[in-house]
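Summary of structural features
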Amino acid sequence: MLSHCWRHCMTEALAPRRERSYRKHTEYTECDSTGSRWRVAIPLNPGSCSDLPPPTRGTDCSFSCPAGMFLEMSTQECTPCAAGSYSLGSGLRFDQWDSIPAGFTSLASFMDPGPNGEDSQACNSSSWTPQGVYLESNRDECTVSLVYAVHLEKQGSVSFTYQYPDNNIFFEFYVRNEQCQEITQSDDQKWITSNGEWDTHTVSLKSGTNILYWRTTGILVGGKMVKPVLLKNIQIEGVAYTSECFPCRPGWFSAAPGSSSCQPCPSNTYSVKGASSCAPCPEHHYSHEGWAECKVRPPCSGKDYFQIHTACDSEGKTQVLYRWVEPKICVENVTGAVELPATGQRETCPPCNPGYYNSNDSTCLPCPPGTHSDGTNVCAKCPAGTEPVLGYEYKWWNVLPSNMKTSCFNVGNSKCDDMNGWEVAGDHIRSGAGSSDNDYLILSLHVPGFKVPASLSGMTGSEFGRIIFVFETICSADCELYFMMDVNRKSTTVVESWEGNKGKQSYSHSMTRNASVTYTWAFQRTNHALDLRRYVSDTVKLYSISVTNVLDGVASACRACALVPQNSQRAGSSCVPCPAGFYIDRDTNRCQECPPNTHLAGRHTYGQDACVACGHGSISNKEHSRCYSNCSFSYTDNNRTMTFDLSPLSDVASMTIGPSFTSKGTKYLHLFNISLCGHEGRRAAVCTDNVTDVSSRDDQSDSAQFVNSVDSFICQSTIIPADGRGFRMAISSQSISLADTFIGATADTVLSGVNAKPELFPENSRNVPDINFFYRSNQATASCDQGRSSVITVRCNPGKSERGELSVPSSCPAGTCDGCTFHFLWETTSACPRCTEDDYHKIEGACKGGVQETLYVWNEPKLCIKGASLPLRSSSPCEAIALWLKVGVGGGAFAAVLLISLTCYFWKKNKRLEYKYSRLVMSANKECELPAADSCALVEGEEPDDDVVYAQKPTLLGKLRAIANKDGESSESVQLKSSQSDRWVLG
């Protein structure tokens, strides 16, 4: 550049020196190895220069001016900035985001590009977006980096103000050197903490080139749009010098020379760029703080005022007042404008909230410790044998309770900072008007801690307290209500949210750790950046809020408690805590242990009915706090009892489902941790959000673990793999509990309203029933008003190992078809019953050499394990011919001899009868002669039974009967056929 200018100086030689001085500026060269630099003159128009002064040695590289001053290059001295401008001295500041400033680059990348990069176009439209006073990150699941490179001549720092409201977007800040190597940072420096409010993050920088990265990655697994990260006021310290001052942006000013910053113009004033003062708005115009122009005031309408209830006066009266929304921007005395409505009639104040009493001046005061009130009566002491039920119960809203606060917050401006976000309205409290539709209207309730009362001490469950509130949203746009909690003032986490219109409903949330907590309700009419009040009629109403077991709370009633035993030296009417697993007997008010296999399931311990029987196939733990399976199960069918030993399944099992992909192709996995049985009832399955754990590592990390860790019988986490996204580890987020309570185990498909739906899995073809383990999580969600439930179907499969294999329905690859009930199939050989004598049979071998062997073999297919074992092979002496064979041969021979004898006998008798018959026929054929009477008589020596002649062929039975009656007294009549057809009767 310099040599080129010297070669082209001839044409400029005649120009006046004053004119030439305006056609050049002075710059420093890069610092050399000795820490020195040169000051050179640079023409404003390259290629045309004249009479440029020769380079001169400049100031030392480490030299810098203080804030509010800049280095005058011509004199090499620090000079104060003029009014209307500012300087950081040795630093840089970026606080104007009408566009992305020069030097910044927004780089978007797809998390999981295909092997050929075919999906790389999906994130081209994702970027950090300037929004005037802040910079907004992407709202999708792409990875977007805001990059800025700066060269520091000395050690410095970078600080930035940010808002990080959503844990479903990961926000990290890291620094690389000029070799693109990441500079080592601690995890709490890299991973930014999510707390929902504006905060400042500062990181030290080394001298040399530093490349700064602000990177966000959204996770849209649940389908909801994430809340973006917001950045403003980026300030970098450590640059050697600044050779000029920066003008104040429009709407801001600096009145005095030497300013290190600019101030926003007050309301109803404006300014242009580089202003040293602000000008007032013209008549009938208005502006908000920091505006660069004024707008015409619109006519007043119903959207410009709101109503409030006055506090009760000394007569116990209240009335409705109407107030203009501040700052008031509308005009009343123009055509079409409305006036502020008149004050309402005085009405009787609502009663005090439970636990409070009405004082003489009609204000509500909390009851003293040890007393209670329903809000309408004076405070009374609890009777002997009872204790006050401490908590908060707000259902009348005449004034805001002292432990509640309301505010208005807008990420882009501070117009509503002094406004009430919520207003009391008698029987409810509702969202206020705000200054614009995208304001966050905030209501918070602080609870100092929880204390389980003596009457509930027998319960050792994980619930220390519970909040219950009744609400309703009335919306015409995309409004959203957030319910959040901040444990130990560490990190605000969204517990649940509701979008659009929601009818009047109740929601409850359990507090599982004794800690200080702030509950927050935030209502936003629309998430679009609108500086209007178009949807001012969209509102949310809270009707009641109740918190139980509050430390230093007030009492609305008394609860029976256990008394000191009679045989104790301290016997009396004072309350004592019961041991774990004990209930309070109604008759004696003494502590009694719950019966075996029952647990304290409700929220009281008074009476034996507080001990609820465990479900089928479950037992209670020692503390009677919950029921669980001890890994044994019995089933009886057709007089056969099957016994199952599931102890090999007691260790926590993990199953990963996926990968799945979001609409933009982001890959994610579902991780399930399952604790089926054992562990003495302890919920051994744990799921943790590792990103927020990393960003919350400090001495009070227990609160972070409480927020981001879940222990349950079954829990689920969403895993974002580390591949393709630049993270050093896989990301675990959105951990939820699917099973807080074990309902029972049975071979039936339905238990306590939960259906196992066996049709979701392949049919069980074996003669062993499936065992269904039923679980429930009572924590209600926006989509599951009864909470989630889970069923684990354990199936005998001899082809699997002892630990077996977990699967989900093929038709519901995420494990659930409706988002509320989860189904799992666990096929394992451990689910086969224990072997019994019915599972094998005996086989006897042939008799060989006088020895017979007996074997025992399993029935096929073998569907049992462990239990009874096969008897050993045995042998016994035997004969060559078996006894049964001997008996059979002997009996057969006897029968053959008998048959032959009978045949011979009857043949002989038959011959005799034929002979006699022929004689009778011959004698009957003699003409006109009748046989003599003695012709048919017995011949001497003949047997009487031989004289029987049958007219028809006798049967064998008849012949035998005749033999039996051979000495009988009666005679037989025999029909003799002759030509004369005569009949002879033998008498």
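Source: prediction; values computed, not measured.

The subject of this paragraph is the overall build of the protein chain. Helix and strand counts for the protein chain stand at 7 helices and 71 strands. Relative to its 987 residues, the protein chain shows a buried fraction of 44%. Pairs at least 24 residues apart make up 66% of the contacts formed inside the protein chain by residues separated by at least 6 positions. For the protein chain, the exposed surface amounts to about 50100 Å²; the carbon and sulfur share of it is 51%.

Turning to the sheet that holds strand 55 (residues 667-674), a few remarks are in order. Here 4 strands make up an open sheet; going across it, the order is 54-55-58-59 and the pairing antiparallel. The outermost strands of the open sheet, each flanked by one partner alone, are strand 54 (653-661) and strand 59 (731-739). Across the sheet, the axes of successive neighbouring strands diverge by a mean angle of 20°, strand direction being ignored. Bridge analysis of strand 54 against strand 55 gives 7 bridges, and the strand direction is antiparallel. Paired with M655 across the bridge in strand 55 is F672.

Put simply, side chains in a regular strand alternate between the two faces of the sheet. Here strand 63 (residues 771-777) lies mainly inside the structure; 6 of its 7 residues are buried. By the bridge criterion, 5 bridges tie strand 60 (residues 741-746) to strand 63 in an arrangement that is antiparallel. Along strand 63, the bridge assignment pairs F742 with Y775.

What follows is about the pattern of salt bridges. This model, assessed by the stated rule, comprises 13 salt bridges. Among the salt bridges present, the one from D770 reaches R795, with a minimum N-O distance of 2.9 Å. One end of the pair, D770, is in the loop between strand 62 (754-755) and strand 63; the other, R795, is in strand 64 (residues 788-796), and 25 residues separate them in sequence. The exposure class of R795 is buried, given its relative accessible area of 6%. With a shortest N-O distance of 3.3 Å, E853 and R873 are connected by a salt bridge. Placement of E853 in strand 69 (residues 851-858) and of R873 in the loop between strand 70 (865-867) and strand 71 (874-877) is noted, with a sequence separation of 20 residues between them. Judged by its relative accessible area of 40%, E853 is partly exposed. You can call R873 exposed: its relative accessible area is 56%.

In the structure shown here, the tally under the stated rule is 21 disulfides. One disulfide bridge connects C796 with C832, the sulfur atoms lying 1.9 Å from each other. Disulfide C796 to C832: torsion about the S-S bond roughly 80°, handedness right-handed. Placement of C796 in strand 64 and of C832 in the loop between strand 66 (821-828) and strand 67 (834-835) is noted, with a sequence separation of 36 residues between them.

Below, the discussion takes up the sheet that holds strand 41 (residues 517-524). What the 5 strands build is an open sheet, ordered 33-36-41-38-39; its pairing is antiparallel. Looking along the sheet, the strands with just one partner apiece sit at the ends: strand 33 (404-409) and strand 39 (492-499). Across the sheet, the mean angle separating the axes of adjacent strands is 20° when strand polarity is ignored. Bridge analysis of strand 38 (residues 480-487) against strand 41 gives 8 bridges, and the strand direction is antiparallel. The partner of D486 across the bridge, within strand 41, is T518.

Core analysis: the largest hydrophobic core is formed by 43 residues, its most contacted members being F469, Y519, W521 and I545. Setting aside residues up to four positions removed in sequence, I545 forms contacts with Y392, E393, Y394, W397, M404, L445, I467, I468, F469 and W521. Among the nonpolar cores identified, the runner-up in size contains 35 residues, and F633, L646, L676 and I714 belong to it.

On to the confidence of the model for the protein chain, then. For the protein chain, the mean per-residue pLDDT works out to 80, and 79% of the residues sit at or above 70. Taken as a whole, residues 1-22 scores under 50 in pLDDT and shows 26 contacts with residues more than four places along the chain or in a different chain. Taken as a whole, residues 932-940 scores under 50 in pLDDT and shows 6 contacts with residues more than four places along the chain or in a different chain.

Moving on, we get to the packing of aromatic side chains. Throughout the structure, instances matching the rule amount to 37 aromatic pairs. Between F483 and Y507 the ring centres are 6.0 Å apart and the planes differ by 70°, which places this aromatic pair in the edge-to-face class. Within this pair, whereas F483 is found in strand 38, its partner Y507 is found in strand 40 (residues 502-511), the two being separated by 24 residues in sequence. Geometrically, the ring pair formed by Y905 and F906 is edge-to-face, given 5.5 Å between the ring centres and 75° between the ring planes. On the accessibility criterion, Y905 (36% relative accessible area) is partly exposed.

Here the residue pair G658 and P659 is connected by a cis peptide bond, since its omega of 5° sits within 30 degrees of zero. On the secondary structure map, P659 appears in strand 54. Look at N639: it is not a glycine, yet its phi comes out positive at around 60°. Accessibility expressed as a relative area gives 84% for N639, which makes it exposed. A positive phi is found at S752, a non-glycine position, where the angle reads about 55°. You can see S752 is positioned in the loop between strand 61 (750-751) and strand 62. Take S752: its relative accessible area is 48%, and that puts it in the partly exposed class.

On to the environment of S876, then. Residue placement: S876 occurs in strand 71. In sequence terms S876 and G850 are 26 residues apart; their C-alpha atoms lie 8.3 Å from each other. Setting aside chain neighbours within four positions, we find S876 in contact with G850, V851 and Q852.

Structurally, the position occupied by N673 is in strand 55. When its relative accessible area of 9% is taken as the criterion, N673 is described as buried. Separated by 2.9 Å, the side chain of N673 and the backbone oxygen of V686 make a polar contact.

Residues W884, L885 and V889 make up a contiguous nonpolar surface patch of roughly 360 Å² in combined accessible area. Along the chain, W884 turns up in helix 6 (residues 883-924). Judged by relative accessible area, W884 falls into the exposed class, the value being 66%.

Moving on to the environment of A515. Along the polypeptide, A515 turns up in the loop between strand 40 and strand 41. Residues A515 and F450, spaced 65 residues apart in sequence, show a C-alpha to C-alpha distance of 6.9 Å. Those residues in contact with A515 that sit more than four places away from it in its chain are G449, F450, V487 and N488.

Before going further, it helps to spend a moment on the environment of S874. Mapped onto the fold, S874 is located in strand 71. Leave out the neighbours within four places in its chain, and S874 touches Q852, E853 and T854.

Basis of the calculations
Within each chain, residues carry numbers counting from 1 in the order of the written sequence. In keeping with the predicted nature of the model, local features appear solely for residues at pLDDT of at least 70, side-chain atom pairs appear and are counted solely at 80 or more, and the whole-chain, interface and lining totals rest on all residues. Computation of side-chain values covers all heavy atoms of the structure but excludes hydrogens and water. Helical segments are the DSSP runs of H or I of at least four residues, strand segments are the runs of E of at least two, and each set is numbered from the N terminus. For every residue, the accessible area (1.4 Å probe, protein chains only) is compared with the maximum for its type, and the residue is labelled buried under 20%, exposed over 50%, or partly exposed between those bounds. Only heavy atoms matter for contacts: two residues are in contact if any of them lie within 4.5 Å across the pair. For the accessible areas, the method is Shrake-Rupley and the probe is 1.4 Å, while residue cover comes only from the protein chains on display. By definition, two strands form a pair when at least two bridges between them are found by DSSP. Here an angle of 0 to 180 degrees is reported between the N-to-C directions of two axes, which are lines fitted to C-alpha atoms, with helices fitted over the stretch in contact. The working definition used for a salt bridge is a side-chain nitrogen of Lys or Arg within 4 Å of a carboxyl oxygen of Asp or Glu. Criterion for a disulfide: a pair of cysteine sulfur atoms at a distance within 2.5 Å. For the purposes of this section, nonpolar cores are sets of buried Ala, Val, Leu, Ile, Met, Phe, Trp, Tyr and Cys residues that join through side-chain atoms within 4.5 Å. pLDDT gives the predictor's per-residue confidence on a scale running from 0 to 100. Ring pairs shown here join Phe, Tyr and Trp side chains whose ring centres sit within 6.5 Å, with only the six-membered ring taken for Trp; geometry is labelled stacked below 30 degrees between planes, edge-to-face above 60, and tilted in between. Whenever a nitrogen or oxygen atom comes within 3.5 Å of another N or O atom, the pair is scored as a polar contact, on the condition that within protein one atom can donate a hydrogen and the other can accept it, and that pairs from neighbouring residues in sequence are kept only if both atoms are in side chains. What makes a patch is a set of residues exposed beyond 30% relative accessible area and free of salt bridges, joined within 9 Å when like-charged and within 5 Å when nonpolar (Val, Leu, Ile, Met, Phe, Trp, Tyr).

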